[in-house]
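Structural overview for review
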Amino acid sequence: MTHARDRRGAAAPARSRRHPARAALAALALATLAAASGCRDDELIPIVRPPAEADGPIAGVAEGYADFPVGVPLGGYTGRCRCFGGDGRYDARRTAYQVGFTASVGVQTQPKIVALWLESDGQDLVLIKTDAIYTFEGFVNELEERLGAATGRDLEGKIVVASNHSHSAPANWDQGLTWYLGGDKFNREVFERGVASMERVALDAFGKREPAAIGIGQMTDWDPEDRVYRDRRGDNDAYTFFDDIPAGPYKDPFLSVLRIDSAAGEPLGMFFAFAIHGTVAGGDNQLWSTEASGHVEAAVQEKFDSPVPVGFIQHGAGDASPAGTDRLFARMESLGEFAADTIIDLWARTPTSTEPLRIESVTRSIDTARDNITVERDHGLLTYAPLTTDPSFRPDDVVFDDQGRVVTPIDEFNAEYGAAFCGSEAAPLPVAGVGSQDPAYRGCAQVGFLSDFIARIFNVSGFAKPLIESLRAKTTATRLGPVSMLTPAGETIRDDMLLAFFPGEATSTYTEQFRRRAMAQLGMEHT
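Residues numbered from 1 in each chain as written. Predicted model: local features only at pLDDT ≥ 70, side-chain atom pairs only at ≥ 80, totals over all residues. Heavy atoms only, no water.

Applying the stated criterion across every chain yields a total of 19 aromatic pairs. With a centroid separation of 6.0 Å and an interplanar angle of 70 degrees, the aromatic rings of Phe136 and Phe191 are classed as edge-to-face. One end of the pair, Phe136, is in the loop between strand E4 (123–130) and helix H2 (137–151); the other, Phe191, is in helix H4 (residues 188–207), and 55 residues separate them in sequence. Each of the two residues, Phe136 as well as Phe191, counts as buried. Each residue in the set Tyr134, Phe136, Phe139, Trp173, Trp179, Phe186 and Phe191 is aromatic and connected to the rest through ring pairs, giving one cluster. The ring of Phe206 has Arg209 lying over it, and the distance from NZ or CZ to the ring centre is 3.8 Å. Here the basic side chain of Arg259 rests over the ring of Trp347, its NZ or CZ set 4.0 Å away from the ring centre. (Phe/Tyr/Trp six-rings, centres within 6.5 Å; stacked < 30°, edge-to-face > 60°. Helix = DSSP H or I, 4+ residues; strand = E, 2+ residues; numbered from the N terminus. Buried < 20%, exposed > 50% of the residue type's maximum accessible area, 1.4 Å probe, protein only. Lys NZ or Arg CZ within 6 Å of the ring centre and 35° of its normal.)

With that settled, the discussion passes to the pattern of salt bridges. This structure, assessed with the given rule, holds 34 salt bridges. Between Glu142 and Arg146 there is a salt bridge, with its nearest N and O atoms 3.1 Å apart. With a gap of 4 residues between them, Glu142 and Arg146 both fall in helix H2, about one helical turn apart. Taking the shortest distance from any N to any O, the salt bridge between Glu199 and Arg146 comes out at 3.2 Å. One end of the pair, Glu199, is in helix H4; the other, Arg146, is in helix H2, and 53 residues separate them in sequence. Taken as a pair, Glu199 and Arg146 share a single burial class, namely buried. Members of the salt-bridge network, linked through shared partners, are Glu63, Lys112, Lys129, Asp131 and Glu297. (Salt bridge = Lys/Arg side-chain N within 4 Å of Asp/Glu carboxyl O.)

A word on the side chain of Arg358. Tracing the chain through its elements places Arg358 in strand E13 (residues 358–367). Assessed through its relative accessible area of 12%, Arg358 is described here as buried. Among the polar contacts listed, one links the side chain of Arg358 to the side chain of Asp496, at a separation of 3.1 Å. (Polar contact = N/O pair within 3.5 Å; in protein donor to acceptor, adjacent residues only side chain to side chain.)

Now for unusual backbone geometry. Keep in mind that most residues, glycine aside, have a negative phi and that most peptide bonds are trans. Residue Pro466 follows Lys465 across a cis peptide bond; omega there is 0 degrees. Secondary-structure assignment places Pro466 in the loop between helix H7 (447–457) and strand E18 (472–486). Geometrically, the link from Gly481 to Pro482 is a cis peptide bond, its omega value of 0 degrees lying close to zero. Looking at the secondary structure, you find Pro482 in strand E18. The phi torsion at His165 lies on the positive side, around 70 degrees, for a residue other than glycine. Inspection of the secondary structure assignment puts His165 in the loop between strand E5 (159–163) and helix H3 (180–183). For Asp221, which is not a glycine, the phi torsion comes out positive at approximately 50 degrees. Mapped onto the secondary structure, Asp221 falls in the loop between strand E6 (210–220) and strand E7 (229–231). Classification of Asp221 as exposed rests on a relative accessible area of 58%.

With that settled, consider the pairing of strand E9 (residues 267–274). The buried fraction of E9 is high, at 7 of 8 residues. Between strand E8 (residues 254–262) and E9, which follow one another and run antiparallel, lie 4 residues, and Gly265 among them has a positive phi close to 100 degrees. The pairing of E9 with strand E11 (residues 310–314) spans 5 bridges and is classified as parallel. Counted as the bridge partner of Phe272 is Phe312 from E11. (Pairing = 2+ DSSP bridges.)

By the definition in use, this model includes 2 disulfides. A disulfide bridge connects Cys81 with Cys83, and the sulfur atoms are separated by 2.5 Å. In this structure, the disulfide formed by Cys81 and Cys83 twists by about 125 degrees around the S-S bond and is classed as right-handed. Classification of Cys81 as buried rests on a relative accessible area of 0%. (Disulfide = S-S within 2.5 Å.)

Let's shift gears to helix H5 (residues 291–301). Counting buried residues in H5 gives 10 out of 11 residues, a clear majority hidden from the surface. Turning to H5, its buried residues number three or more, namely Glu291, Ala292, Ser293, Gly294, His295, Val296, Glu297, Ala299, Val300 and Gln301.

Across the 5 residues of E11, 5 count as buried, placing the element largely inside the fold. Taking every second residue as pointing to the same face, both faces of E11 are buried, with Val310, Phe312 and Gln314 on one and Gly311 and Ile313 on the other.

So, about the packing of H5 against helix H6 (residues 328–349). Two packed helices can be described by the angle between their axes and the distance between those axes. Close contact between H5 and H6 brings their axes to 7 Å; oriented N to C, the two are set at 50 degrees. Judged by the inter-axis angle, H5 sits oblique to H6. Classified by chirality, the crossing of H6 by H5 is right-handed. Residues Glu291, Ala292, His295, Val296, Ala299 and Val300 of H5 touch H6, and the partners they reach there are Met332, Glu333, Leu335, Gly336, Ala339, Ala340, Ile343 and Ile344. In terms of residue class, the contact of H5 with H6 is made up of 10 nonpolar, 2 polar and 2 charged. (Axes fitted to C-alpha atoms, helices over the stretch in contact; angles between N-to-C directions. Parallel < 35°, antiparallel > 145°, perpendicular 65-115°, else oblique. Left-handed = near helix turned anticlockwise from the far one by under 90°. Contact = heavy atoms within 4.5 Å. Nonpolar A, V, L, I, M, F, W, Y, C, P; charged D, E, K, R; others polar.)

Have a look at this one:
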């Protein structure tokens, strides 16, 4: 999942297909995400851009470690909150960095930061990967100011912060009240230390910039025996989402590599991406860990003859679990053993080029307020029914018509400030639901009541409703190219690549849908 200005960024690759329209602005790519903005398909007109005029790309890659204090709570498991029993609490220790969560007690592997500073034709892209459960818009805002001041560059909308989604990494640096249940109450010192760590590594990458050769490689179905990752949600196995993908277990099939070499061909760094949750260690674990993907990173890094920064970025991991063998940290290491050879082989086969390329980055803030969300379907525009505060109101609980299509307007989601835990059997918290008994909605917990519950647990007062983090979701798209590529079909080509960074836990069906829409609506063959 992660990304430029929100949580858990996930960069999604797309199937290689021919299309008469060769390229599109990154801004148009964001329109495919923005059902809430009211964009129509006929507005998404592919635009051909002129060739890049730069002498060639310049890149610097650096790595370092996050400077957090031991005792900071770990994120990802709400069960670590004392309000749910305090998973992993084996003694009565308290630290200056916890409020409602169990304190961490030590380090298995320290969260790693990898930064790429890519420059071409006067445009910058700063990609920062960190080991964390999710990212925070405040990180990006602060880094834009600090890095811009340090370098004299205008970096607004040009910084991407992505996380590996480790459920065993420090987490209480997010100011959103909603996320206190994901990693404890916001701590200013932890936030500042996190920003300073990323700033330091990014400036190191800036200082290491040199003429570079860039390439991207992709392959699919690279883990057919599920030795590395697997579908973790069987609830939707009976459904067919795409005519050419049969019902049954499904995981994001893509493995992607971004190769960064010097102009002379020496490796400067690499990023790779596939879908995997960071959940080998459960909620009882209180040791920092880079988790599943971090151990794959380490195994890939060991394949190089000399030190090379290696960073992992998520694909559609919302429904992908780590596989592996053995237990706990040995199981994490087994993932690296199973994955590293395939990843390094893809890197070795990925072509690079020093030819000029464009970098077009656009960030859009998508309106996620309940009454402003609309979704286009073939049979019409889906909307929510007007909100009612009548205590006697009951929805009709008719979600689908006789043809299996969603009935609109949707009256089951009668939640003024939104709802959480929808789709579960029952809400795990003692707060009001939305009044529906349909399986899709009966587990919903109204955020208005949920925020009051969270505020009591974490001693927060004076907050406003609706919660600010529930009103907007920011996402970034970057068009990079033309860039040398190895396609999933094994072709070596030079074309544009669309990099998309999503908020939330993007799933395999979400990323697949985005690939298809990018192709059909924008003419982007490689995403």
